[in-house]
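Spelled out, the chains give:
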Amino acid sequence: NKEYALIHPFGFLIGLLVASPAFSDAVKRTPPFRLLGIGLSVWALSLGLCGIATRYYQLVLARILVGVGEAAFVCIAPAFIDEVAPPAKKTLWLGA
């Protein structure tokens, strides 16, 4: 199904790839927790939008926003965890 292929994973990847450099650059000027909070808010809102989407294009846009919200965690969380986690727990906290 061509429509499903656009939503998953390409819609998500578009948001992730566009927003990742923006979050990586923003962390130089903004506290990481604030950016993680913004990312979590965008992610949660976009999941709600996925649930209430009534048109295909609305679902695609919501999936793109899911990628934007997730970009905050992909870019910021690993470095933050590496800096804050106790040495014995770093692997566990990073999910490896």
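Everything below is about the structure printed above this text.
Just so we're clear, the structure is a prediction, and the values are computed from it rather than from any experiment.

Rules used in this analysis
- Residues numbered from 1 in each chain as written.
- Predicted model: local features only at pLDDT ≥ 70, side-chain atom pairs only at ≥ 80, totals over all residues.
- Heavy atoms only, no water.
- Helix = DSSP H or I, 4+ residues; strand = E, 2+ residues; numbered from the N terminus.
- Buried < 20%, exposed > 50% of the residue type's maximum accessible area, 1.4 Å probe, protein only.
- Contact = heavy atoms within 4.5 Å.
- Areas by Shrake-Rupley, 256 points an atom, 1.4 Å probe, with all protein chains shown as cover.
- Lys, Arg positive; Asp, Glu negative; His and termini not counted.
- Charge placed at Lys NZ, Arg CZ, Asp CG, Glu CD.
- Salt bridge = Lys/Arg side-chain N within 4 Å of Asp/Glu carboxyl O.
- Expected span 1.5 Å × (residues − 1).
- Bend = angle between axes of the 7 residues up to and from the residue.
- Disulfide = S-S within 2.5 Å.
- Axes fitted to C-alpha atoms, helices over the stretch in contact; angles between N-to-C directions.
- Parallel < 35°, antiparallel > 145°, perpendicular 65-115°, else oblique.
- Left-handed = near helix turned anticlockwise from the far one by under 90°.
- Nonpolar A, V, L, I, M, F, W, Y, C, P; charged D, E, K, R; others polar.

1. Regarding the overall build of the protein
Thinking step 1. Across its full length, the protein holds 4 helices and 0 strands.
Thinking step 2. In the protein, the succession of helices and strands from N to C terminus is α-α-α-α.
Thinking step 3. For the protein, the proportion of its 96 residues judged to be buried stands at 27%.
Thinking step 4. Across the protein, contacts joining residues at least 24 apart in sequence account for 68% of those joining residues at least 6 apart.
Thinking step 5. In the structure as shown, the protein presents an accessible area of about 6300 Å², 70% of it carried by carbon and sulfur atoms.
Thinking step 6. Side-chain charges in the protein split into 8 positive and 5 negative, and the spacing between the mean points of these groups amounts to 4 Å.

2. A word on the pattern of salt bridges
Side-chain pairs of opposite charge can arise where the charged atoms are in close proximity.
Thinking step 1. All chains considered together, the criterion is met by 3 salt bridges.
Thinking step 2. The partner of Asp25 in a salt bridge is Lys28, with the nearest N and O atoms 3.6 Å apart.
Thinking step 3. Measuring nitrogen to oxygen at the nearest pair gives 3.1 Å for the salt bridge that ties Arg29 to Asp25.
Thinking step 4. Here the residues in one salt-bridge network are Asp25, Lys28 and Arg29, joined through shared partners.

3. Re the environment of Phe10
Thinking step 1. Mapped onto the fold, Phe10 is located in helix H1 (residues 2-26).
Thinking step 2. Phe10 gets classed as partly exposed once you look at its relative accessible area, which sits at 49%.
Thinking step 3. Separated by 68 residues in the primary sequence, Phe10 and Pro78 have C-alpha atoms spaced 24 Å apart.

4. Here we look at helix H3 (residues 56-84)
Thinking step 1. Taking 1.5 Å per residue as the helical rise, H3 with its 29 residues ought to reach 42 Å, and the 42 Å between its terminal C-alpha atoms agrees with that figure.
Thinking step 2. The principal kink in H3, of about 40°, is found at Ile76, preceding the proline Pro78 by one to four residues.
Thinking step 3. Buried within H3 we find Val60, Ala62, Arg63, Val66, Gly67, Gly69, Ala71, Ala72, Ile76, Ala77 and Ile81.

5. Observations concerning the state of the cysteines
Thinking step 1. Counting across every chain of the model gives 0 disulfides.
Thinking step 2. Considering cysteine sulfurs only, Cys75 is the nearest to Cys50, which forms no disulfide, with 20 Å between them.
Thinking step 3. For Cys50, a relative accessible area of 19% translates into the label buried.

6. Describing the packing of helix H2 (residues 32-52) against H3
Thinking step 1. Packing of H2 against H3 brings their axes to within 8 Å, and their N-to-C directions diverge by 155°. If you check the angle between H2 and H3, you find them roughly antiparallel. As for the relative orientation of H2 and H3, their crossing is left-handed in sense.
Thinking step 2. Residues belonging to the contact of H2 with H3 are distributed by class as follows: 20 nonpolar, 3 polar and 2 charged.

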